[in-house]
There are 2 protein chains.
Amino acid sequence: MRYPKAAEELIEYFRQLPGIGRRGAERMALALLEWEPEQQRLFGLSIARLPENIGHCPDCGAICTQGQKCEICSDARRDESLLCVVENMPQLAAVEKALSYRGKYLVLGGRISPLDGEDGSALNLELLRKRASSGKVKEVILALSPDVEGRATAAYLAELLSDLSVKLTRPALGLPAGANLSFADGATVTAAFSGRTEVE
Amino acid sequence: MRYPKAAEELIEYFRQLPGIGRRGAERMALALLEWEPEQQRLFGLSIARLPENIGHCPDCGAICTQGQKCEICSDARRDESLLCVVENMPQLAAVEKALSYRGKYLVLGGRISPLDGEDGSALNLELLRKRASSGKVKEVILALSPDVEGRATAAYLAELLSDLSVKLTRPALGLPAGANLSFADGATVTAAFSGRTEVE
């Protein structure tokens, strides 16, 4: 069915968000229409004002409050000798949620994908080189996703940093914790077997 | 992890939408942060301006462009002798999507639920009585959901309209089309068997 113009417009915007289809977007828009007018106004303004409120950290490229450094770069307890390169914020969030990494980050802002016309010119490569060559960083962890483009990007970054005296590493390939071996693909099993560790 | 204040605020708003958990809200907010500033502004304003842009149809209570009648009430091809009472817009949308009903609607705006303090005072009961007693309506279809509160509401509406010379009906109970009989609950099977129709 056709909704009023303002509602259709809203549905189209919701559909552009990840994981939201026409049906989900309709459901969200109709629910939003039941909110108090003041809540609708505040929600809308919190989106409309993102350009003023959110910027990128000058040290790592992560999103942060406009004009400030991000929380992680400002945190003196984080290990400055470790620099983890991630593609974007969701990937940074995934590493943070594991609660095990205590170093710093560099957010590339994308990856190299010649087929999509992404040649790397939009990435934070200068910032990466600056951080990696600052003398403080001992190890750069290239935490790109282990798929075709992620590997290509990691290889490109390794080349870019090859003249610096920093150790370059990448996360181990292997079976996901808690997974059933019977669902693992061949490449994962091969990597897990070739990187097998001794049982203690 | 903690996101910048403006992003956390946005995540909290997204979480209030139906079917969106913390993880989905984060994903949506982070994706939205990648949009062009102009798109963020337009999306935000399309929400912030809902109170000005969207109102309720004076004839049926459905959402519509502020100050107008809704499309269905304005459509002369729809059968005025049939009035379908639905709880809210998602339920109206479900009936419309079936493409088989060509009458008009009345959107109650909720249902009676004494446990949640909904005594019916917020419902469009006056509008319903006005429409049902206009002389144009021959049949009122009480299309409330066949659950406890929906039945209670339908019973209440039937009582409210009992003095009018309109036919009161409700949708048939039975097996959902395409469903597997083995998954049907007892009440549905009982209704489907007692309402069985002859094979022609």
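Shown above is the structure to which this text applies.
Residues numbered from 1 in each chain as written. Chains lettered and ligands numbered in written order. Predicted model: local features only at pLDDT ≥ 70, side-chain atom pairs only at ≥ 80, totals over all residues. Heavy atoms only, no water.

This brings us to the packing of helix α7 (residues 125-132) of chain A against helix α8 (residues 148-160) of chain A. Residues and elements named next belong to chain A. Relative orientation of the contacting elements α7 and α8 amounts to 50°, with a least axis distance of 11 Å. For the element pair α7 / α8, the angle class is oblique. Crossing handedness for the pair α7 and α8: right-handed. Residues L125, L128 and R129 of α7 form the contact with α8, whose own contacting residues are Y156, L157 and L160. (Axes fitted to C-alpha atoms, helices over the stretch in contact; angles between N-to-C directions. Helix = DSSP H or I, 4+ residues; strand = E, 2+ residues; numbered from the N terminus. Parallel < 35°, antiparallel > 145°, perpendicular 65-115°, else oblique. Left-handed = near helix turned anticlockwise from the far one by under 90°. Contact = heavy atoms within 4.5 Å.)

This part is about the interface of chain B and chain A. Taken together, the contact pairs 49 residues of chain B with 49 residues of chain A. Carbon and sulfur atoms supply 75% of the area that chain B and chain A bury against each other, a total of about 4,600 Å² over both sides. Considering only the side of chain B, the residues that lose the most area to chain A are M1, Y13 and I47 of chain B, jointly responsible for 14% of the buried surface there. Where chain B packs against chain A, one counts 4 salt bridges. Here E71 of chain B and R2 of chain A are joined by a salt bridge, their closest N and O atoms 2.6 Å apart. The tally of links between chain B and chain A comes to 4 residue pairs in polar contact (both at pLDDT 80 or more). Those elements that place two or more of their residues in the side of chain B that touches chain A are α1 (5-15), α2 (22-32), α3 (37-48), α4 (50-53), β2 (63-65) and α6 (89-97) of chain B. With 11 residues, the single largest contributor to the side of chain B that touches chain A is α3 of chain B. (Buried area = accessible area lost by both parts, 1.4 Å probe. Salt bridge = Lys/Arg side-chain N within 4 Å of Asp/Glu carboxyl O. Polar contact = N/O pair within 3.5 Å; in protein donor to acceptor, adjacent residues only side chain to side chain.)

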